[in-house]
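Structure at a glance
Residues per chain, in single letters:
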Amino acid sequence: MIVRLLSLLFVGILAVSVQNVVANNDNEDVPYLELAEPEEGYHGLIRENETLVEVTPAIRARGPLCSFLILNNKHHGEAPFEIMVIDENEARLRVRYPLNCEKRRNYKFDIAAVGCDGSYSNTVPVHITVSDVNEFAPVFSQAAYVCSVDEGKMYDELVRVEATDRDCTPHYGDVCKYEILDDNDQPFTIDNEGVIRNTEPLDYEKSHNHILSVVAYDCGMMQSAPVMVTIKVNKPCRAGWKGLAERVDYAPGSGPLALFPAARLEACTSDERCPAVTRIQALVSLRASRAGAACDRDTYSLHSQRAICGLDPKTIDLLPSPGAGNEWAKSLKPESGHDGEEMFEFDGETTSAVVPESVLGHSLGSSFAISTWLRHAPRPDQDKHRKEHVLCLADDHKMNRHHYALFVRNCRLILLLRRDFGEGDLNIFRPAEWRWKIPEVCDNEWHHYAINIRFPTVELFVDGEPYRAVDGKGPEVIDDWPLHPAHGINTTLVVGACWQGTEGDMKHHLRGWLAGLGVLPGAQQPAAALRCAARCREGLSLAPDLYLKSVSVEGDGAGEVETLVRRVAYGDARAFPTPGRRNVHLDTTITCDNGRIIKARPAESYVMVLQPQTPSILLNGSGDAARDYAHFRAGLRVFADLSVRVVARDHGTLHETASQKLDSCTVSVYPALNPDHEALALRGGVLPASDVRAALSRDGVTLSGADSVHNYQKVLRSIEYSNKKPAYYLNRVFKLTCSELNGRFTSNEYIQTLTVVHPRASSSGETAHALRPSGLADKLDAVARDKVPHAAEGLEGLATAPRVFAAHAQRNAHAAELPAPRLLDLRPEHEHAQTNHVALVMGAVATGAVVALVAVGVARARSARRPAPGPRARPLPRPDAEMAWDDSALTITVNPMDDSVGAVGAVGEECGRAGDSSAESCSDSDSDRNDSEDDDDDDGEPLPGKQHKYRNISQLEWDNSTM
């Protein structure tokens, strides 16, 4: 207390002295501080690690000076400084101990000069600022950092690190930068605020933990000690299915097969992210890759499906296979690699076909039906206003009026039907355009569309089911006026585009695929038939006889969904499905009570459809048939006794299947028929009542269409072959093959040979028959039956069938096996009876005669009866060296002991004994023979083996034998 009082007393005395000095500043004996602006005072700057203070301006005083005095300010405390006098007028300021900027940065005090006599100068303030030295490194607020994150996500902030610096100034005391050491292989980054984020989604499988070393820098770039940052990747709760088989084998005909009988769902109910589950949805979809319009397309063609399902047979096909009779469709493009397929691609630029009015009348009236398979995708240019026509009827010139059309625009299926001026009141608006917005139009998948029109009622069927919009509303209907009358203007019907009459060109081309486009005038297609035509008998189901592309199940918990998924089965009702792989995909969505939606891992499996038991199509029959000229001229059945059977193996045993259907049979003949005198036809000229279609040509017969084995057998048996000139041929060979399921199963090759029986001479009373055509021989048989009543019963079979002569036994397509030459007796029967004994006696005498006289006598007797040698016969011309009748090996010998009697005389005698009717019959036979000879002469090629030449040949050969 006393010290304080003394200090106050000293300050007061000093103040009085200063006042005296100021008052007497002109007095040179009193010290005085030289300062231009005393109010500003002195300013000093010192670094923490220095002792001298840099003062501005320098401390100087006038007058007698002994020392300087530091006057402490009671408000700023004691100043840790002292003043050293350098010379008599100048001083320096220094610290008594090291300063710490972090503790105190600014000092303020007053100084005065003290004379040797104890006088004091005026007081001047001094402001000292302590400069900071970067002596402290940044320090993190935590010794380590740890955070947990979920995998597969991108975060804006995983964790934030923070460091501080104890330096007093911002230059050294602020942290300006953070850095991750060795972060090249780490998917993280850190900014100047210390925020760490990931640069890619984290994967638990790759790394459970990521450990980072992070440092901080102050603005003086002093680096801190590193701190460890640990980022833990949470093991995800992977919701998904377990217990699913990767492959499921399916045996055809085994019925529905459960795909996932042991399925279990992991729903992650224990995960804090999804504490409870409110809804689970699962979608099982079958992904069978098919190029065809329907899954049954690999079983039956579209035409066969129509017949099987019962679509109206009057439906007109507007997409026939290009070929004979369908030349107007040659511009269409069948599917690549499927020659003759009924699927056509339209390129959106040039592909179209004009339908002749002879195929479909342009006026359909107010009741008709249109059906087609369509595969369409959005256009690449995304033009929402462009029309793509499936079918269009428009004016042919001058005008561009569209009478009716079916087209696609902006993924809408649109039907246009303008009433003609002659239908109803012209002043009444009526429906003219129906627009359906359906997603199937632009999903690039095959769908079946059918529209039944009974104006003004229009009904659309999509994939066999009546279309119902999701919102329950019907199609958008646009009304319009009827078309006004226009005289002299016809119409043009186009498939795949629309004709613009004013431009004379096609417009609005379709870009997509079409198949099975048909129009039924005057009627509607049955709903059941449309459902059958579009259905797929292969698919997924939860109930029998239900085949779907996908099955969706949902429940409130995992248990409910598991039960439903285990019931999902695969089935194929076809007896012979296409073997191969069918992929099955399972998608699951879990909805948590906190609103979070978890996508379960997709599950993949596949069904392997095994090879079905291959059925065998067996064709059996006699194989060979020999008929004479009359049969060939009248026409004979090629496969008269053909038997067609389909057998299958069931548990090692073969059994016949009556339910099988054939879809194709081909009868081929080689070489091709000569239309001048050969033909194939169906008996009666029409097909039996069946779904079989027949196409006849020079190369044979083609039967198509799915139908029963019985109906195919009936049609095959009705095929007839006729030949107006059978003498040119040895035989005709026909090859038959049948198949089912579009050629997947084929039959054996059945060969049917029709052999031409050529007439020849015979050794009995039938010599007259041998010298005449078969027609004449048959008539002579009839005369004989009339003359011999008791023989009528025995000859009954001859009255109904032409005579057959076994001229040879043909067994090879290129050679004839001729019988060996033998002795023939051409004499009538009554003469033969008289000369038999003479022949026996002569034989006995010739055998036992040893005497040369008898031999000479016999030789002389023969020489006496030898006729004069005649001219040698010229060889007969051969129209065909291979097919013509070869009689070079024929040897006919006449008994020289008998009078030669001409066969013609015998015939004349036979006719002479007959009555008037017989005479007429003989006359007819002669005329028949003459007609046959005239026919041969017209062709310029005489028939081999003519009867009137056999006599000459016999005489010539007899002459040669006796020479």
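Residues numbered from 1 in each chain as written. Predicted model: local features only at pLDDT ≥ 70, side-chain atom pairs only at ≥ 80, totals over all residues. Heavy atoms only, no water.

So, about the overall build of the protein. A count of helical and extended segments in the protein gives 15 helices and 61 strands. For the protein, with 963 residues in total, the buried portion stands at 41%. Counting only contacts in the protein whose residues sit at least 6 apart along the sequence, the fraction spanning at least 24 positions is 72%. For the protein, the exposed surface amounts to about 50300 Å²; the carbon and sulfur share of it is 51%. (Helix = DSSP H or I, 4+ residues; strand = E, 2+ residues; numbered from the N terminus. Buried < 20%, exposed > 50% of the residue type's maximum accessible area, 1.4 Å probe, protein only. Contact = heavy atoms within 4.5 Å. Areas by Shrake-Rupley, 256 points an atom, 1.4 Å probe, with all protein chains shown as cover.)

With that out of the way, let us pick up the pairing of strand β30 (residues 402–409). In the case of a regular strand, side chains alternate between the two sheet surfaces. Burial of β30 is extensive: seven of the eight residues sit out of reach of the surface. Across six bridges, strand β29 (residues 388–395) lies against β30 in antiparallel orientation. Note on β30: the bridge partner recorded for E388 is V408. Following β29, the chain reverses through six residues before pairing antiparallel with β30; K398 in that reversal takes a positive phi of roughly 70°. Here β30 runs beside strand β31 (residues 412–417); their pairing, made up of six bridges, is antiparallel. Across the sheet, the residue bridging to A405 is L416, located in β31. Counting the residues between successive antiparallel strands, the hairpin from β30 to β31 contains two residues, one of them, N410, with a positive phi of roughly 55°. (Pairing = 2+ DSSP bridges.)

Moving on, we come to the packing of aromatic side chains. In this structure the tally under the stated criterion is nine aromatic pairs. Seen in terms of ring centroids, Y250 and Y570 are 5.0 Å apart; in terms of plane orientation they differ by 90°. Their pairing is edge-to-face. A residue pair is termed long-range when its members are at least 10 positions apart, and Y250 in strand β20 (residues 247–250) and Y570 in strand β43 (residues 569–572) qualify at 320 residues. Relative accessible area serves as the criterion here: at 0%, Y570 is assigned to the buried category. Taking the centre distance of 5.4 Å and the plane angle of 65° together, the rings of Y721 and F734 count as edge-to-face. Here F734 lies in strand β57 (residues 731–740) and Y721 lies in strand β56 (residues 719–723), a separation of 13 residues in the sequence. Side by side, Y721 and F734 carry an identical accessibility label, which is buried. Seen from the ring of Y217, K177 lies directly overhead, with NZ or CZ sitting 5.4 Å from the centre. Across the ring face of Y606, the terminal group of R581 is positioned such that the distance to the ring centre comes to 3.8 Å. (Phe/Tyr/Trp six-rings, centres within 6.5 Å; stacked < 30°, edge-to-face > 60°. Lys NZ or Arg CZ within 6 Å of the ring centre and 35° of its normal.)

Another aspect to go through is the pattern of salt bridges. Per the stated rule, a full pass over the model turns up 22 salt bridges. Note that D249 is salt-bridged to R247, the shortest N-O span being 2.6 Å. Put simply, R732 and E678 hold a salt bridge, and the shortest N to O gap is 2.8 Å. Of the two residues, R732 is situated in strand β57 and E678 in strand β53 (residues 678–682); the sequence distance between them amounts to 54 residues. (Salt bridge = Lys/Arg side-chain N within 4 Å of Asp/Glu carboxyl O.)

We now examine unusual backbone geometry. Cis geometry marks the peptide bond from T56 to P57; its omega dihedral reads -10°. Turning to its location among the elements, P57 is positioned in the loop between β3 (52–56) and β4 (59–62). With omega at -5°, the peptide bond leading from Y670 into P671 counts as cis. If you trace the backbone, P671 turns up in the loop between β52 (661–669) and β53. Positive phi values are uncommon outside glycine, yet N444 reaches one of about 60°. Position of N444 relative to the elements: it lies in the loop between β32 (430–437) and β33 (446–454). Accessibility expressed as a relative area gives 37% for N444, which makes it partly exposed. One non-glycine residue, D463, lies in the positive phi region at around 55°.

Under the counting rule described, the total for this entry stands at seven disulfides. The disulfide partner of C665 is C738, and the gap between their sulfur atoms is 2.0 Å. Measuring handedness by torsion sign, the sulfur bridge of C665 and C738 sits at about 110° and is right-handed. On the criterion of sequence distance, the pair formed by C665 in strand β52 and C738 in strand β57 is long-range, its members being 73 residues apart. (Disulfide = S-S within 2.5 Å.)

L318 and V495 are the most contacted members of the largest nonpolar core, which totals 42 residues. Here L318 is in contact with W328, V355, V359, L360, L391, V495, L517 and V519, once residues within four sequence places are set aside. Ranked by size, the runner-up nonpolar core spans 36 residues in total, among them V638, F639, V709 and Y750. (Core = buried A, V, L, I, M, F, W, Y, C linked by side-chain atoms within 4.5 Å.)

Before going further, it helps to examine helix α5 (residues 558–567). All buried positions along α5 are accounted for by V561, E562 and V565. On an axial view of α5, the arc spanned by its buried residues comes to 105°, and they lie on one face. (Arc of directions from axis to C-beta.)

Turning our attention to the pairing of β4. The alternating pattern of β4 places I59 and A61 on a buried face, while none of R60 and R62, on the opposite face, is buried. Bridging between strand β1 (residues 32–33) and β4 involves two bridges; their strand directions are antiparallel. Paired with Y32 across the two strands is R62, which belongs to β4.

Moving on: the side chain of S352. Within the element layout of this structure, S352 appears in the loop between β26 (343–347) and β27 (353–355). Using a relative accessible area of 9% as the deciding quantity, one classes S352 as buried. Those residues within four positions of S352 in sequence are excluded, and the remaining contacts are S331, L332, V494, V495, G496, A497, M506 and H509.

Let us look at the sheet that holds strand β15 (residues 188–190). Strand order in the open sheet formed by three strands is β12-β16-β15, and the pairing between neighbours is antiparallel. Edge positions in the open sheet fall to β12 (159–160) and β15, since each of these has one partner strand only. With three bridges connecting them, β15 and strand β16 (residues 195–198) associate as antiparallel partners. When the bridges of β16 are listed, I190 appears paired with I196.

With mixed pairing, four strands are arranged side by side in an open sheet as β11-β18-β17-β14. Looking along the sheet, the strands with just one partner apiece sit at the ends: β11 (144–150) and β14 (175–181). Each strand axis lies, on average, 25° off the axis of its neighbour in the sheet, ignoring direction. Two strands pair when backbone bridges link them, and strand β17 (residues 209–218) and strand β18 (residues 227–234) are joined in this way by six bridges, in the antiparallel orientation. Of the residues in β18, the one forming a bridge with S213 is M228. (Axes fitted to C-alpha atoms, helices over the stretch in contact; angles between N-to-C directions.)

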